[in-house]
Amino acid sequence: MYQVCKHDVPILDISKIVAAITKVYEAQETLRSEVELSNYHEYVQIMAEFEWPAFLEYDPIFHRQIIDCMNNTDVDAFHHLIEQHFGVPFISELEEKCLSSPILTKARQAPLEEAFTLYRTGHYFGAVAILMTQLEGVLDDIEKFLKREGFRPNPKNEDLLSTRYKTSSTSEKGRMIKIILEAMDLDDAVGEYSYLIGYIRFKVLGGTLSQSEQDVHANRHLICHGEQTSFGTKEQALKILLCLDSLMKVADVILERHDGPQLISA
């Protein structure tokens, strides 16, 4: 049972954290059956092949629908399913989660809210531009929140940054990978975090993309330096929103599984 300590600052709405954690746990429980576990792995491989960062999506019906599309070699139906599944309800739920999150700072709400508004109105250049610059801020908020809660990172993961991923623990890429590795360590379900690391590492935060890749992915380095001008599609914007959604899920998993000090007010 979480306990809230009193401080002369606003108290966190612990109920929102508990609700988010419960939702993740219940979703992951659907993966316990062998059939759904097999379907999930097949679904993730399909998403990796088509380079859609929806690897932490645990809806068994959606998994089966995606698999059926591939069995029928119906790529058009695949893209339609993506657009339908991650449509208005998903976007609204993600926005609500971000704007009411006790993890994200209040100052983060305004740019995120505008990004969601731009996405809904089809202004994808603006949505991507804001989301790209806010991903690191979201990561920073998560790190600071976990630090306040007494979370102790696994030293092994910092070693992996230099040995396996060839990056620094202080770089944005290194910090992003490290926080995902922490969730992967703590999660007793079957979330495919390695695929998420790969997408963020090479597509979102990689040094460069080919021209054909730039047509379907948004790259922070290229956009911020004005080198990528083709980032105004719904697909590119949705992929960044899925990365944001994954980061929020990563935070939920760490909070749920972490066996440390009780939650305190920020």
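To be clear, the structure that these remarks concern was listed above.
Residues numbered from 1 in each chain as written. Predicted model: local features only at pLDDT ≥ 70, side-chain atom pairs only at ≥ 80, totals over all residues. Heavy atoms only, no water.

Undergrad: I'd like to hear about the pattern of salt bridges, residue by residue, with values.
TA: Inspection of every chain in the model, using the stated rule, returns 18 salt bridges. Linking Glu-136 and Arg-175 is a salt bridge whose minimum nitrogen-to-oxygen distance equals 3.1 Å. Note that Glu-136 is positioned in helix H7 (residues 124–148) and Arg-175 in helix H9 (residues 172–186), a separation of 39 residues in sequence. Owing to a relative accessible area of 28%, Glu-136 belongs among the partly exposed residues under this scheme. Residue Glu-143 is joined to Arg-175 by a salt bridge in which the shortest nitrogen-to-oxygen separation is 2.6 Å. (Salt bridge = Lys/Arg side-chain N within 4 Å of Asp/Glu carboxyl O. Helix = DSSP H or I, 4+ residues; strand = E, 2+ residues; numbered from the N terminus. Buried < 20%, exposed > 50% of the residue type's maximum accessible area, 1.4 Å probe, protein only.)

Undergrad: Provide a residue-level description of helix H2 (residues 34–49), including the pertinent values.
TA: Along its 16 residues, H2 runs 23 Å from first to last C-alpha, staying within 8% of the 22 Å computed at 1.5 Å per residue. Buried residues of H2: Glu-36, Asn-39, Tyr-40, Tyr-43, Val-44, Ile-46 and Met-47, and no others. What you see down the axis of H2 is that its buried residues fit within an arc of 160°, all on one side. More than 90 degrees from the buried face of H2, the exposed residues found are Glu-34 and Glu-49. At the C-terminal side of H2, Glu-51 shows a positive phi close to 60°. (Expected span 1.5 Å × (residues − 1). Arc of directions from axis to C-beta.)

Undergrad: Lay out the side chain of Asn-219 with the relevant residues and their values.
TA: If you trace the backbone, Asn-219 turns up in the loop between helix H11 (211–214) and helix H12 (220–224). A distance of 3.1 Å separates a polar atom in the side chain of Asn-219 from the backbone oxygen of Lys-203. Of the polar contacts made by the side chain of Asn-219, one reaches the backbone nitrogen of His-221; its length is 3.2 Å. (Polar contact = N/O pair within 3.5 Å; in protein donor to acceptor, adjacent residues only side chain to side chain.)

Undergrad: Got a sec to walk through the packing of aromatic side chains? Specific residues and values, please.
TA: Scanning all chains against the criterion turns up nine aromatic pairs. Here the aromatic rings of Phe-50 and Phe-78 are separated by 4.5 Å at their centres, their planes lie at 35°, and the arrangement is tilted. A residue pair is termed long-range when its members are at least 10 positions apart, and Phe-50 in the loop between H2 and helix H3 (60–71) and Phe-78 in helix H4 (residues 75–85) qualify at 28 residues. Taking the centre distance of 5.0 Å and the plane angle of 85° together, the rings of Phe-125 and Phe-231 count as edge-to-face. Placement of Phe-125 in helix H7 and of Phe-231 in the loop between H12 and helix H13 (234–257) is noted, with a sequence separation of 106 residues between them. You can call Phe-231 buried: its relative accessible area is 12%. (Phe/Tyr/Trp six-rings, centres within 6.5 Å; stacked < 30°, edge-to-face > 60°.)

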